[in-house]
Amino acid sequence: MPKAIRAVVLRIVVFYVGSVLLLAMLLPSDQALRPYFELDRTIADGVFHAATELYGITFHERNDLKGYHPDVRIWEVRNKDGTGLGLFLGDYYARESKRGGAWMNSLVDQSALLGTKPVVINTLNISKPPAGEPTLLTLDELRTLFHEFGHALHGLFSNVTYPRFSGTSVPRDFVEYPSQVNEMWITWPEVLSNYARHHVTGEPLPQDVVDRLEESRLWGEGFATTEYLGAALLDLAWHVLEPGRVPDDALEFEAKALAAAGITHPLIPPRYRTGYFQHIFAGAGYAAGYYSYIWSEVLDAETVDWFKENGGLTRANGERFRQELLSRGNSRDPLESFRILRGRDARLEPLLKRRGLE
Ligand SMILES: [Zn+2]
């Protein structure tokens, strides 16, 4: 390797290792935070609590109902007036027979035509502690818990005639939006102080730790956004290629497409390159839709702003979000639902501000 290149590579390595070490020193480690995020308490006093404050719904565990595995917990969800809304199942622990990752499924779709109420499930893969020990969550698991529950609410609040349009049966570039919005309550002061308590001492999560977590939010955002956009734009470049015009040299096509989109940086390759872009080439169903994550986040950032502008965690806000957005499924153009909620079309600024890129 020529000397000049070696020096550049060395500087990059030193910069990255240095920043990671610095961050590790400044940031509370995941292990130090876990005692404040005990699973049962986080579900009852965090995830469910936020939903009760916003939507007035209550959760009643139904030990008389049996799930498909002893780990599966089942709650009946009731409206404020006591009427039944649906069932929520939680299958939180990892086990050998389970696929990895986390997701929400609708087992029964709500439909006025068929007279069905929703039955939805959240599946996670949290390591099960030895018997008698508490389940302490990592930050990532905490975020996943709130995120997947956002999908569950989308299913539970569905109020449509045809099952085809029920709950989360919305376009791919819309479906992550309500679940991402639900993540806003993780650090919302009234919610956080209600669930984030040391599982032994009961002490609340210290404010300086909360502040440092907030301050570290933007770390790596430029890199993450650039590599993501590279992949999203590459996806679209392949998609608009006309039949019979498939290039001989895929990498040359890729380089030209990225240059044309103005997103070439030698240190930031696209998150997925043509040779291993499974989302679009391996039947994962994302072809021309890899952009959907960030588009959902545009709507999410707008909605978080809307909640903040209107007083945050209130029944009035929850009711409006439920009526105009969550309950509609795909029975009305989802963007129309967004427009009615926000009072206008989505703008990019809230997302740019959130990512520190404005
Ligand atoms: Zn999701």
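Throughout this description, residue numbers start from 1 for each chain and increase along the sequence as written. Only residues with pLDDT of at least 70 get local features here, since the model is predicted, and only at 80 or more are side-chain atom pairs given and counted; chain-wide, interface and lining totals rely on the full set of residues. No hydrogens and no water enter the side-chain calculation; it runs on all heavy atoms of the structure.

J.: It is not clear to me how the packing of helix H5 (residues 172-182) against helix H11 (residues 292-309) should be interpreted in this structure. Could you clarify?
T.: Here, axes are lines fitted to C-alpha atoms. For helices the fit covers the stretch in contact, and angles between N-to-C directions go from 0 to 180 degrees. Numbering of helices and strands starts at the N terminus; helices are DSSP runs of H or I of at least 4 residues and strands are runs of E of at least 2. At a closest axis distance of 7 Å, the pairing of H5 and H11 adopts a crossing angle of 40°. Classed by the angle they form, the pair H5 and H11 counts as oblique. In this structure, the crossing between H5 and H11 has a hand that is right-handed. Seen from H5, the contacting residues are Arg172, Asp173, Phe174, Val175, Glu176, Tyr177, Gln180 and Val181; seen from H11, they are Ser292, Tyr293, Trp295, Ser296, Glu297, Leu299, Asp300, Thr303 and Phe307. In this classification, the charged set is Asp, Glu, Lys and Arg, the nonpolar set is Ala, Val, Leu, Ile, Met, Phe, Trp, Tyr, Cys and Pro, and all remaining amino acids, among them Gly, are polar. Its residues assigned to classes, the contact of H5 with H11 shows eight nonpolar, four polar and five charged. Roughly parallel means an angle under 35 degrees; roughly antiparallel means over 145; roughly perpendicular covers 65 to 115; every other angle is labelled oblique. Crossing handedness: left-handed means the near helix sits turned counterclockwise from the far one by under a right angle, and right-handed means the same turn made clockwise. Any two residues whose heavy atoms approach within 4.5 Å at even a single point are treated as in contact.

J.: Explain the coordination of the zinc ion to me, please; I cannot follow it from the model alone.
T.: Ideal values for angles at a metal depend on the geometry: 109.5 degrees with four tetrahedral donors, 90 or 180 degrees with six octahedral donors. Coordinating N, O and S atoms are those within 2.8 Å of the metal (3.2 Å for Na, K and Ca), and as water is not part of the atoms, a site may appear to have fewer donors than expected. Protein coordination at the zinc ion comes from His147 (NE2), His151 (NE2) and Glu176 (OE), with a distance range of 2.0 to 2.1 Å. Here the donor residues for the zinc ion map to a single chain with the spacing H-x3-H-x24-E. Pair noted here: His147 and His151 are both in helix H4 (residues 139-156), with a separation of four residues, about one helical turn.

J.: I'm lost on the sheet that holds strand S4 (residues 103-108) in this one. Help?
T.: Neighbouring strands of a sheet are bound in pairs by backbone hydrogen bonds; such pairs are parallel or else antiparallel. Strand pairing follows a simple DSSP-based rule, namely that at least 2 bridges must link the two strands. If you walk across this open sheet you meet the five strands as S1-S2-S3-S5-S4, and the pairing is mixed. On the outer flanks of this sheet lie strand S1 (58-61) and S4, each paired with one strand and no other. The mean angle between the axes of side-by-side strands here comes to 25°, regardless of whether they run parallel or antiparallel. The sheet contact formed by S4 and strand S5 (residues 119-126) spans five bridges and is antiparallel. Paired with Asn105 across the two strands is Ile121, which belongs to S5. Docked against the sheet, H4 engages S1, strand S2 (73-78), strand S3 (84-93), S4 and S5, running at close to 170° with respect to S5.

J.: Looking at this model, I keep getting lost on the pairing of S2. Mind explaining?
T.: In summary, the side chains of a regular strand alternate between the two faces of the sheet. Pairing geometry for S1 and S2, over four bridges, is antiparallel. Its bridge partner lying in S2, Phe59 is registered against Val77. Bridge count between S2 and S3: six bridges; the pairing is antiparallel. Looking at the pairing, Arg73 lines up with Gly90 of S3.

J.: Please clarify how the nonpolar core should be interpreted in this entry.
T.: Generally speaking, soluble globular proteins have nonpolar side chains that are buried together. Here the nonpolar core consists of buried residues drawn from Ala, Val, Leu, Ile, Met, Phe, Trp, Tyr and Cys, with membership extended through side-chain atoms lying within 4.5 Å. We call a residue buried when its accessible area falls under 20% of the maximum for its residue type, exposed when it is over 50%, and partly exposed in between, using a 1.4 Å probe and counting protein chains only. Core analysis: the biggest nonpolar cluster contains 58 residues, and Phe88 and Trp185 have the highest contact counts within it. Looking at this core element by element, the count peaks at eight residues for helix H3 (residues 39-55). For Phe88, the contacting residues outside a window of four places in its chain are Phe48, Arg73, Ile74, Trp75, Val77, Val120, Asn122, Phe149, Ala152 and Leu156. Membership of the second largest hydrophobic core comes to 17 residues, among which are Ala257, Leu258, Ile263 and Tyr290.

J.: Hey, could you run me through the packing of aromatic side chains in this one?
T.: Working definition: an aromatic ring pair is given by the centre-to-centre distance plus the angle between the planes. To pair, rings of Phe, Tyr and Trp, with the six-membered ring standing in for Trp, must have centres within 6.5 Å; the planes then decide the type, stacked if under 30 degrees apart, edge-to-face if over 60, and tilted in the middle. Counting across every chain of the model gives 27 aromatic pairs. Geometrically, the ring pair formed by Phe37 and Tyr195 is tilted, given 6.3 Å between the ring centres and 40° between the ring planes. Placement of Phe37 in the loop between helix H2 (30-33) and H3 and of Tyr195 in helix H6 (residues 189-195) is noted, with a sequence separation of 158 residues between them. Just as Phe37 is buried, Tyr195 falls in that class too. With a centroid separation of 5.8 Å and 45° between ring planes, the pair formed by Phe146 and Tyr195 is classed as tilted. Taken as a pair, Phe146 in helix H4 and Tyr195 in helix H6 lie far apart in primary sequence, 49 residues in all. You can call Phe146 buried: its relative accessible area is 1%. When its relative accessible area of 0% is taken as the criterion, Tyr195 is described as buried. The rule is short: NZ of Lys or CZ of Arg within 6 Å of the ring centre and within 35 degrees of the ring normal puts a charge over the ring. Over the face of the ring belonging to Trp103 we find Arg99, whose NZ or CZ atom lies 4.1 Å from the ring centre. Directly above the ring of Tyr286 sits Arg172, whose terminal nitrogen or CZ lies 4.0 Å from the centroid.

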